[in-house]
Amino acid sequence: MKKISIFEIYTKNNYLNKIITMSGWIRSKRISKIGISFLTIYDGSSAYTIQVIAKKSLFNYSAEIRKLTVGCSVIVSGYLTLSPSNLQTYEIQANKIKIIGWVDRPDSYPMSAKKHTIEYIRNFGHLRPRTNLISVIARIRNVVFQSLNQFLNNYGYIWVSTPIITSIDTEGSGSMFQVSILDVNNHLHTKKSINKENYFFGKKVFLTVSGQLTLEAYACALSKVYSFGPTFRAENSNTKKHLTEFWMLEVEKAFSDINDISIFAEKLLKYSVSFVLDNCISDLLFLQKKIDKNIIFRLNNFLNIDFVNIEYNEAINILLKNNNIINQKISWGDDLSSCHEKYLVNNYFKAPVIIRNYPKLLKAFYMRINEDEKTVSAFDILLPHVGEIIGGSEREDRINYLETRMNEMGLNKENYDWYKDLRKYGTVPHAGFGLGLERLILFITGIKNIRESIPFPRTVGHADF
Ligand code: 4AD
Ligand code: MG
């Protein structure tokens with residue numbers, strides 16, 4: 001008989017009062033005084049569980065069903081009926097329960113029915129998807145990923161894969177992981193200069209911090225492109241908002257400018273949130289109960305609120321005027337720290353904020369210089385709860401300005417000959433941005449720590465699995 005998922009039971013109405021077969025794992029079990037077992041089963045297809053009623057008359061009741069514990073896997077057949085209890089909508093009156101996998105030593109099963117803290121379950125990366133919370137987040141993450149691809153597809157953007165192994169330090173911050181097959185214990189590695197031939201690729205290469213520069217090459221040919229993949233930053237930022245390996249969506253558009261691309265970025269965020277509201281209601285209801293009681297209101301509100309658009313200069317003025325209530329002093333030329341971002345977004349504007357035109361010294365070499373020659377045409381989008389979610393800019397499309405900037409920043413120009421070619425042969429104004437997938441998951445779900453937004457988090461000192 002065809003198996004039906006719990007998601008199908010709850011979303012398609014045609015299974016009621018019919019015999020169905022489903023499979024899953026036991027989340028909890030209770031035995032009544034008159035010898036009936038009530039099993040709560042999950043299968044990961046949604047946040048819903050289903051109650052299975054197992055009576056003594058089942059042939060394997062005493063030998064097996066009575067002995068089931070949390071985590072055992074089963075295949076169940078029986079009548080699907082409405083539940084008289086208000087704890088669940090449906091239940092299955094089982095006529096057959098086949099035990100597929102037992103749990104060894106149930107008292108030591110780390111994901112037992114007990115309530116565990118988020119920090120405790122983080123120690124069991126391979127088992128934590130069995131918890132309600134992590135499975136809810138995994139499903140929402142999937143829907144967010146689909147929504148972003150779908151939105152870009154609807155607007156005619158072409159997906160391009162940019163290299164993960166690269167020689168380019170796109171952000172110029174130097175915080176890259178070097179990729180090498182040389183033995184770190186070998187003296188060759190500690191020598192200052194290693195022969196080119198000793199390198200696998202004939203030169204030093206790294207894990208990418210951003211695919212933007214190579215994505216620009218495709219934007220300057222296909223007009224509208226995006227890349228979506230893992231990104232690596234060897235920064236010592238051990239905060240609740242930073243991962244060492246995270247997923248970044250990068251969007252690049254030719255014949256575009258900062259207005260055009262920042263409006264598009266706002267639309268993209270809203271599309272993703274509305275897609276989650278439309279497609280993840282059972283998961284959101286779970287989060288509403290356990291994590292953020294305002295989640296549905298908050299997300300709906302986000303769809304209806306216009307992002308505030310301000311210049312970096314204005315942001316600094318606001319922060320200076322309110323210096324007395326913010327812990328950290330700031331002056332023109334400083335980067336905003338998280339307390340400044342929080343003040344602007346949560347207290348002052350009470351809305352998402354787009355900050356534009358940052359001092360050039362704060363930003364990467366590729367950003368287009370403004371007429372004042374002090375600032376660049378860059379923008380960051382800040383959201384409540386997470387801070388910076390998107391960073392983007394117009395790209396410097398004038399070869400002479402680009403070369404001056406590279407000189408000022410001491411970049412090895414030879415590595416960028418190809419990048420300069422894009423400005424020599426039919427240059428075009430273009431702009432783009434990068435969106436951190438995990439920060440978007442933080443915002444949507446309301447969870448506190450970015451380590452819950454990705455299945456196997458990598459942070460300083462942690463790379464399990
Ligand atoms: O602002 P960033 O560094 O921008 C770039 O890399 C550009 N080259 C993107 C582009 O224009 N194509 O990073 C973009 C976004 C940030 O706004 C943030 O959401 C996320 O990536 N991000 C991180 N997310 C988690 N952990 C980290 N360590 C992150 N660093 C950046
Ligand atoms: Mg940034």
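One numbering rule holds for all chains: residues counted from 1, following each sequence as written. To label them, take the chains in the order written and letter them from A, then take the ligands in the order written and number them from 1. At least 70 in pLDDT is required for a residue's local features to be given in this predicted model, at least 80 for side-chain atom pairs to be given and counted, and no such filter applies to totals for whole chains, interfaces and linings, which use all residues. With hydrogens and water set aside, each side-chain value is computed from the structure's full complement of heavy atoms.

**Student:** Please give an account of unusual backbone geometry that cites residues and values.
**Tutor:** Glycine aside, negative phi is the norm for most residues, and most peptide bonds take the trans geometry. Although it is not a glycine, Asn17 adopts a positive phi angle of roughly 60°. Tracing the sequence through the fold places Asn17 in the loop between helix 1 (6-11) and strand 1 (19-31). The phi dihedral of Glu373 is positive, around 60°, even though this residue is not glycine. Under the scheme used here, helices are H or I runs from DSSP no shorter than 4 residues and strands are E runs no shorter than 2 residues, and both carry numbers assigned from the N terminus. Of note, Glu373 is situated in the loop between strand 13 (353-359) and strand 14 (375-383). A simple rule labels every residue: compare its accessible area, found with a 1.4 Å probe on the protein chains alone, to the largest value its type can have, and call it buried under 20%, exposed over 50%, or partly exposed in between. On the basis of relative accessibility, which here comes to 44%, the residue Glu373 falls in the partly exposed class.

**Student:** Explain the nonpolar core to me, using residue names and the numbers behind them.
**Tutor:** Take the buried residues of types Ala, Val, Leu, Ile, Met, Phe, Trp, Tyr and Cys, join any two whose side-chain atoms come within 4.5 Å, and each joined set is a nonpolar core. Ranked by internal contacts, the top residues of the largest apolar core, which has 56 residues, are Leu284 and Ile381. The biggest single contributor to this core is helix 6 (residues 258-279), with ten residues. Residue contacts follow a heavy-atom distance rule, with two residues in contact if any of their heavy atoms lie within 4.5 Å. In contact with Ile381, other than residues within four places in its own chain, are Ala265, Leu269, Phe307, Val353, Ile354, Gly387, Glu388, Ile389 and Ile390.

**Student:** Summarise the pairing of strand 15 (residues 387-394); cite the residues concerned and give the values.
**Tutor:** Burial analysis of strand 15 places six of its eight residues in the buried class, the great majority of the element. Pairing geometry for strand 14 and strand 15, over six bridges, is antiparallel. Within strand 15, the position partnered with Asp380 by the bridge is Gly391. A pair of strands is considered paired only if DSSP assigns at least 2 bridges between the two. Turn length for the strand 14-strand 15 hairpin, with the two strands adjacent in sequence and antiparallel, is three residues, and the turn residue His385 shows positive phi of about 80°. Across five bridges, strand 15 lies against strand 16 (residues 430-436) in antiparallel orientation. Each residue of the ladder has a partner; that of Ile390, found in strand 16, is Leu435.

**Student:** With reference to specific residues and values, describe the pattern of salt bridges.
**Tutor:** Salt bridge, as used here, is a side-chain nitrogen of Lys or Arg placed within 4 Å of a carboxyl oxygen of Asp or Glu. In total, this model carries 18 salt bridges according to the counting rule given. Between Arg423 and Glu216 there is a salt bridge, and its shortest N-O distance comes to 2.8 Å. With Arg423 in helix 12 (residues 417-424) and Glu216 in helix 5 (residues 212-222), this pair connects stretches of sequence that are 207 residues apart. Judged by its relative accessible area of 4%, Arg423 falls in the buried class. Of the charged contacts, one joins Lys360 and Glu408 as a salt bridge, the two residues approaching to 3.4 Å between their closest N and O atoms. Pair noted here: Lys360 is in the loop between strand 13 and strand 14 and Glu408 is in helix 11 (residues 399-408), with a separation of 48 residues, a long-range link. Glu408 gets classed as partly exposed once you look at its relative accessible area, which sits at 48%. Overlapping salt bridges, with partners in common, bring together Arg122, Arg128 and Glu452 in one network.

**Student:** Account for the domain arrangement of the protein chain, naming residues and giving values.
**Tutor:** In this document the domain limits rely on a domain assignment from an automatic tool or a database. If you check the domain split of the protein chain, you get domain 1 (6-114) and domain 2 (130-307 + 351-453). Residue-level contacts link nine residues of domain 1 with eight residues of domain 2. Throughout, the accessible surface (probe 1.4 Å) given up by two parts as they are put together, summed over both, is called the buried area. Roughly 730 Å² is buried in total at the junction of domain 1 and domain 2, and carbon and sulfur atoms are behind 49% of that figure. When the buried area of domain 1 at its contact with domain 2 is split by residue, Arg27, Ala47 and Met111 rank highest and sum to 51% of it. On inspection of domain 1 and its partner domain 2, the count reaches zero salt bridges. Side-chain atoms alone can form a polar contact between residues adjacent in sequence; in general such a contact is a pair of N or O atoms within 3.5 Å, and within protein one must be able to donate a hydrogen while the other accepts it. At the boundary of domain 1 with domain 2, the tally comes to five residue pairs in polar contact (both at pLDDT 80 or more).

**Student:** Outline the side chain of Asn322, supporting the account with residue identities and numerical values.
**Tutor:** Relative to the assigned elements, Asn322 resides in the loop between helix 9 (312-321) and helix 10 (338-348). Classification of Asn322 by relative accessible area gives buried; the value is 17%. Here Asn322 is in contact with Tyr343 and Tyr348, once residues within four sequence places are set aside.

**Student:** Could you give an account of empty space enclosed by the protein, naming the residues involved and the relevant values?
**Tutor:** The method works on a 1 Å grid over the protein atoms by themselves. A cavity is a set of points holding a 1.4 Å probe that cannot get out, a pocket is an open set with protein on both sides within 12 Å along at least five of seven lines, and residues with an atom within 4 Å of a point line them. Grid points are joined across faces, edges and corners, and a volume is the space filled by probe spheres set on the points. Using the criterion set out here, one finds three cavities of 30 Å³ or more in the structure. The volume enclosed by the largest cavity comes to roughly 60 Å³. Tallied by class, residues from the lining of the largest cavity come to two nonpolar, five polar and two charged. Here the lining of the second largest cavity gets three residues from one element, more than from any other, and that element is helix 5. Along the lines of polarity and charge, the residues of the lining of the second largest cavity split into three nonpolar, seven polar and no charged. Polar here means any residue other than Ala, Val, Leu, Ile, Met, Phe, Trp, Tyr, Cys and Pro, which are nonpolar, and Asp, Glu, Lys and Arg, which are charged; Gly is therefore polar.

**Student:** Let's hear about the site of ligand 1: which residues, and what values?
**Tutor:** A cutoff of 4 Å decides nearness: a residue is near a molecule or strand if any of its heavy atoms lies inside that distance of it. Taken together, 21 residues lie around ligand 1, and Glu171, Gln212, Glu250, Glu388 and Ile389 are the ones closest in. Between ligand 1 and Leu243, the relevant distance is 2.9 Å, taken from a nitrogen atom to a main-chain nitrogen or oxygen of the residue. Gly436 has a polar backbone atom sitting 3.2 Å from an oxygen atom of ligand 1. Relative to its free-state accessible area of 630 Å², ligand 1 is covered by the protein chains to the extent of 93%. Mapped onto the shell around ligand 1, the elements with two or more residues apiece are strand 11 (245-254), strand 15 and strand 16. Considering every element that reaches the shell around ligand 1, the biggest residue donor is strand 15, with four residues. The residue inventory of the shell around ligand 1, partitioned by class, reads eight nonpolar, six polar and seven charged. Surface accessibility in these figures is a Shrake-Rupley result with a 1.4 Å probe; residues are shielded only by whichever protein chains are displayed.

**Student:** Residue-level account of the sheet that holds strand 3 (residues 50-55), with values.
**Tutor:** In spatial order, the strands read 1-2-3-5-4; together these five strands close into a barrel with mixed pairing. Averaged over all adjacent pairs, the angle separating strand axes in this sheet is 55°, with direction ignored. Looking at chain direction, strand 1 and strand 4 (residues 73-82) are connected through seven bridges and run antiparallel. Counterpart to Ile20 in the pairing with strand 4 is Gly78. To get an axis, a line is fitted to the C-alpha atoms, and for a helix only the part in contact is used. The angle between two axes follows their N-to-C directions and goes from 0 to 180 degrees.

**Student:** Tell me about the packing of aromatic side chains, residues and numbers included.
**Tutor:** In this scheme Phe, Tyr and Trp rings, the latter by its six-membered ring, pair at centre separations within 6.5 Å, and the angle between planes marks the pair as stacked below 30 degrees, edge-to-face above 60, and tilted otherwise. For the coordinates displayed, the defined rule picks out 26 aromatic pairs. Pairing Phe302 with Phe307 gives two aromatic rings, centres 5.6 Å apart and planes at 50°, and the pair type is tilted. Grouped by ring-pair contacts, the aromatic residues Phe151, Tyr155, Tyr157, Phe264, Tyr271 and Phe275 constitute a single cluster. Stacked on the ring of Phe443, the Lys or Arg Arg298 has its end atom at 5.3 Å from the ring centre. Definition used: whenever NZ (Lys) or CZ (Arg) falls within 6 Å of the ring centre and also within 35 degrees of the ring normal, the charge is taken to sit over that ring.

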